[in-house]
There are 2 protein chains.
Amino acid sequence: MKIIIDAMSGDNAPLAQVRGAVMAAKQYGQEYILVGQEDVVRPLIEKEGGSGLPIRVRNATEVVDMHDDPSTVLRKKKDSSMAVAFQMVAKGEGDAMISAGNTGALLSGSTLIAKRIKGIRRAALPPMLPTATGQVMLIDAGANAECTAEYLLQFAYMGSYYMSKVVGVTNPRIGLLNIGSEDTKGDALRLETYKLLKAAGDAGRINFVGNVEGDDLAKGACDVAVTDGFTGNVALKVTEGVAKFLGNQIKKIFMKNVKSKLAYLLVKDGVAEFKKMFNAAAVGGAPFLGISKAVLKAHGSSDEYAICSAVGQAIKYVESGIIKDITDNVEYMTL
Amino acid sequence: MKIIIDAMSGDNAPLAQVRGAVMAAKQYGQEYILVGQEDVVRPLIEKEGGSGLPIRVRNATEVVDMHDDPSTVLRKKKDSSMAVAFQMVAKGEGDAMISAGNTGALLSGSTLIAKRIKGIRRAALPPMLPTATGQVMLIDAGANAECTAEYLLQFAYMGSYYMSKVVGVTNPRIGLLNIGSEDTKGDALRLETYKLLKAAGDAGRINFVGNVEGDDLAKGACDVAVTDGFTGNVALKVTEGVAKFLGNQIKKIFMKNVKSKLAYLLVKDGVAEFKKMFNAAAVGGAPFLGISKAVLKAHGSSDEYAICSAVGQAIKYVESGIIKDITDNVEYMTL
C-alpha cells in the first residue's frame, strides 16, 4: 500500500510528518510519499533516520495555510502540497492520503479532486466522542450546515459501515439525534429522516434504534448519532466546552489548599487517564466518508505520534473495503 | 401581590407546594392561592402550619399528569388545577402563576389561555447554564423546534430584558449560537438572524457581541445565547449529559482504592459545591418569556425549597416590569 502524506500542513509540519512517516514505516511497513518542498523535506528524512526506509518525496513548492480561502485555495495554489497530494490520490498514485491541513480546503479537495462516490450527495468528516461505554460517531458535525433527509440517510449508512468495518463494532446502533424519543418529535427534517431510517432498519440494512437526545450521547445509547452539520457542530463544541470547563473546575477543587493538593497526589493517575479520554480526538485520523478515495484528516496540532496513528487508521480504512461497500449499496441510500 | 400555585403538579405535589407556600409566606409575605383538590390541600395547609398565613385554596377536581397530551389536556380537563390556575391568572385574579407540571401543557396554556404579548410570535422557556464566569441563558431550548429569524430576534430582545431587569446583569451580551465566529458562517436562518441582531445592536437596543460557538457557552462569552429550539435543546441536553458523564468518571477516580477514597475525604466540600453548580436548574422557576402574564415553571422534581425559590423568582419577575418592557418595545422586534 502507498500512503501519500501532505508534509507541509499542520502546526508541526514538516517535522511531525517526516518523523511520523519514519515511525509508521518501521511499525506498519508500506510505502510512503511525502509531498512538500523537496529541499526541506529530503534532508529532514535523512536526519530523522528514514534513508533506508521506503519513503519518497514528491516536490510541491507552495503551502496551504489557515488563512487561505478553503473554496478557492486549491485552484489558486495548484502546486501546494495539499493540491498535489489530492491530484496524486485521484490518479491512483497512492492508496490513501493524509493531511493535517485546513479542514475546509480538505473538504473542497475531497469533493472537487478526489470526488464523491457516485450517488453520494455530501461527504462528512465525523468526529468520535467518548461515552460511558466507549465512543459514538457524530455524523455530520460541521461539513454540511444545511442538510436534507437524503443526506442524513446516507450519513447513517456510511456511519454504520465505518463503525462495523473499520472500528469493528458488531451491528452498530444508529440513532437520530432529536429533541425527544417519540417518533413524532422534532422538526420537519427529523420527521422525514426518521421515516427513512426506520424503513432502512425494517429492511435489515442498518440497526436503527430510533431517536436519541443530547444527553443520550454520553450515555452510550448509540454507536452512530445522525444529525445535520449545524446541530452536530454545536453538539461537538458544547461537549468540548463543557469538558474543558469541568476539567478546570476539578483543577480548582484540587488547587484550593494544602489538603486538596495532597488529595491530588493521591489520585494523580486517575486524573491523567481522565484527561486522556478527551484528548482522543487529537490523535489519529478522521476519514472523509463518502469520498471515492481514502482521504484522512489528522488534527492540526498533530505530532509524530498522531501522524503515525493516522497512518494506522488509513491502512485500516483501505483494508476494510468500506469505499466499495458504500459504492455497492448506494442504490439503497438515494431517494 | 397574589401568587397562584398549581398545587397538584410535579413529583412531590401537593406536599411540596403546600410547604413551599408556607415557607414563602413567612419569607416574602404576599398572598397565595393554592389551586387543587380542596379536601386534600386544605387539611395539609393546617397540618403544615399555614393556618394563620395568607394562603387560600381554590378547588379544582382534576389533575394534569405527564401522560396527558399537552396540546389538548387543558380543554379536556377544564377543572384541572393547571387549567383553573391559567384561567385565574388570565382574568387577573393573581399576579403570577407557578406550576411544576407538564412543560408542553404549560406552554399550550401560556399561549392559549394566558396569551402571548401582542406582536410576539412565540413564547420561550429559556434555561440557564453555568459558565466559567456565571451563567448563560439559552433561548430557545425546546419550546419551538422550527424558528424564523424574526422569532430569534424576539428571543434576543426578551433574553436581554430578562438578564438586565430580572437577573441584574448590566448591558447583557447577546450572542448568536453558530458554527463559526465570522459573520458569513452558518445556515440560512443564522445568516438572516445575524443581520437582524447586528442592526439591533448598531441601533443601541441590544448589546450584540456576534456569533458564539458551542464551546463559547461554558467559557462565558455571552449572557444570552440565541438559538432555535431544536439546536438549543440539543445543546442543553448535551451539557447535562456530559456533566453527568464526567461527574461519574470523577466519582470512579475517587472510588478506585483506599488512597483515592482518602483523597475524596480531603476535597469533599469542593466536590459538593461542584455538584451544586449543576443542580441549579432544578431550583427556582423559569419564566415563559413573551407571555402577557407572569407564568413560571418550577422543575418537575421540585421540593418545598424549590417551590419557595420559584415564588421568589415570580415576585422578582413581576416587580421588574419586564412584561411592560417587552410590550412597549415590540415594534422593534417585528419585521
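Worth saying up front: this structure is predicted, and the values here are computed from it rather than measured. (Residues numbered from 1 in each chain as written. Chains lettered and ligands numbered in written order. Predicted model: local features only at pLDDT ≥ 70, side-chain atom pairs only at ≥ 80, totals over all residues. Heavy atoms only, no water.)

A.B. asks: It is not clear to me how the interface of chain A and chain B should be interpreted in this structure. Could you clarify?
C.D. replies: By a frequent convention, interface size equals the accessible area lost on bringing the separate parts together. Between chain A and chain B, the contact holds 47 residues from the first and 47 residues from the second. Here chain A meets chain B over a buried area of about 4300 Å², counting both sides, of which 78% is carbon and sulfur. Connecting chain A to chain B are three salt bridges. In this structure, Lys 237 of chain A engages Glu 213 of chain B in a salt bridge whose closest nitrogen and oxygen atoms are separated by 2.3 Å. Remark: the boundary between chain A and chain B carries six residue pairs in polar contact (both at pLDDT 80 or more). When the residues that make up the side of chain A that touches chain B are grouped by side-chain class, the tally is 27 nonpolar, 11 polar and nine charged. (Contact = heavy atoms within 4.5 Å. Buried area = accessible area lost by both parts, 1.4 Å probe. Salt bridge = Lys/Arg side-chain N within 4 Å of Asp/Glu carboxyl O. Polar contact = N/O pair within 3.5 Å; in protein donor to acceptor, adjacent residues only side chain to side chain. Nonpolar A, V, L, I, M, F, W, Y, C, P; charged D, E, K, R; others polar.)

A.B. asks: I'm lost on the relation of the copies chain A and chain B in this one. Help?
C.D. replies: Each copy of the chain is related to the other by a rotation around an axis and a translation along that axis. Each copy of the sequence occupies a distinct position, and chain A is placed on chain B by a rotation of 180 degrees and an axial shift of 0.0 Å, giving an RMSD of 0.1 Å. Such values leave the two copies arranged in the relation of a two-fold axis. It is Ala 263 of chain A whose C-alpha, among those of chain A, lies nearest the rotation axis, at 2.0 Å. Here 100% of the contact residues of chain A are again contact residues in chain B; the copies associate through an equivalent surface. (Least-squares fit on C-alpha atoms with pLDDT ≥ 70 in both.)

A.B. asks: Where do I start with the pairing of strand 4 (residues 96-99) of chain A in this structure?
C.D. replies: Consecutive side chains of a regular strand alternate in pointing toward one face of the sheet and then the other. Residue and element names in this part refer to chain A. In strand 4, alternate side chains face the same way, and those of Ala 96 and Ile 98 on one face and Met 97 and Ser 99 on the other are all buried. Two strands pair when backbone bridges link them, and strand 1 (residues 2-6) and strand 4 are joined in this way by three bridges, in the parallel orientation. What sits directly across from Ile 5, in strand 4, is Ile 98. (Buried < 20%, exposed > 50% of the residue type's maximum accessible area, 1.4 Å probe, protein only. Helix = DSSP H or I, 4+ residues; strand = E, 2+ residues; numbered from the N terminus. Pairing = 2+ DSSP bridges.)

A.B. asks: What should I look at first to understand unusual backbone geometry in this one?
C.D. replies: Leaving glycine aside, a negative phi is the common case for residues, and trans is the common case for peptide bonds. Geometrically, the link from Ala 13 of chain B to Pro 14 of chain B is a cis peptide bond, its omega value of -5 degrees lying close to zero. Mapped onto the elements, Pro 14 of chain B comes out in the loop between strand 1 (2-6) and helix 1 (15-28). Here the residue pair Ile 139 of chain B and Asp 140 of chain B is connected by a cis peptide bond, since its omega of 0 degrees sits within 30 degrees of zero. Phi is positive for Gln 30 of chain A, which is not a glycine, with a value near 70 degrees.

A.B. asks: Quick question: what am I supposed to make of the state of the cysteines here?
C.D. replies: Simply put, the disulfide is a covalent bond whose two ends are the sulfur atoms of two cysteines. In total, this model carries zero disulfides over all chains according to the counting rule given. Free cysteine: Cys 147 of chain A, not disulfide-bonded; nearest cysteine sulfur from Cys 222 of chain A at 17 Å. (Disulfide = S-S within 2.5 Å.)

A.B. asks: Help me understand the pattern of salt bridges, please; the structure alone is not making it clear to me.
C.D. replies: Side chains that carry opposite charge are capable of pairing whenever their charged atoms lie near each other. Tallied over the entire structure, the rule returns 33 salt bridges over all chains. The shortest N-O distance in the salt bridge between Arg 42 of chain A and Glu 38 of chain A comes to 2.4 Å. You can see Arg 42 of chain A and its partner Glu 38 of chain A sitting in helix 2 (residues 38-47), four residues apart, about one turn around the helix. The class for Arg 42 of chain A is partly exposed, based on a relative accessible area of 40%. You can call Glu 38 of chain A partly exposed: its relative accessible area is 30%. Glu 304 of chain B is the partner of Arg 19 of chain B in a salt bridge, and the nearest nitrogen-oxygen pair spans 3.6 Å. With Arg 19 of chain B in helix 1 and Glu 304 of chain B in helix 11 (residues 304-320), this pair connects stretches of sequence that are 285 residues apart. Of the residues examined, Arg 19 of chain B reaches a relative accessible area of 29% and is grouped as partly exposed. In this structure, a network of salt bridges that share partners links the residues Arg 19, Lys 47, Glu 48 and Glu 304 of chain A.

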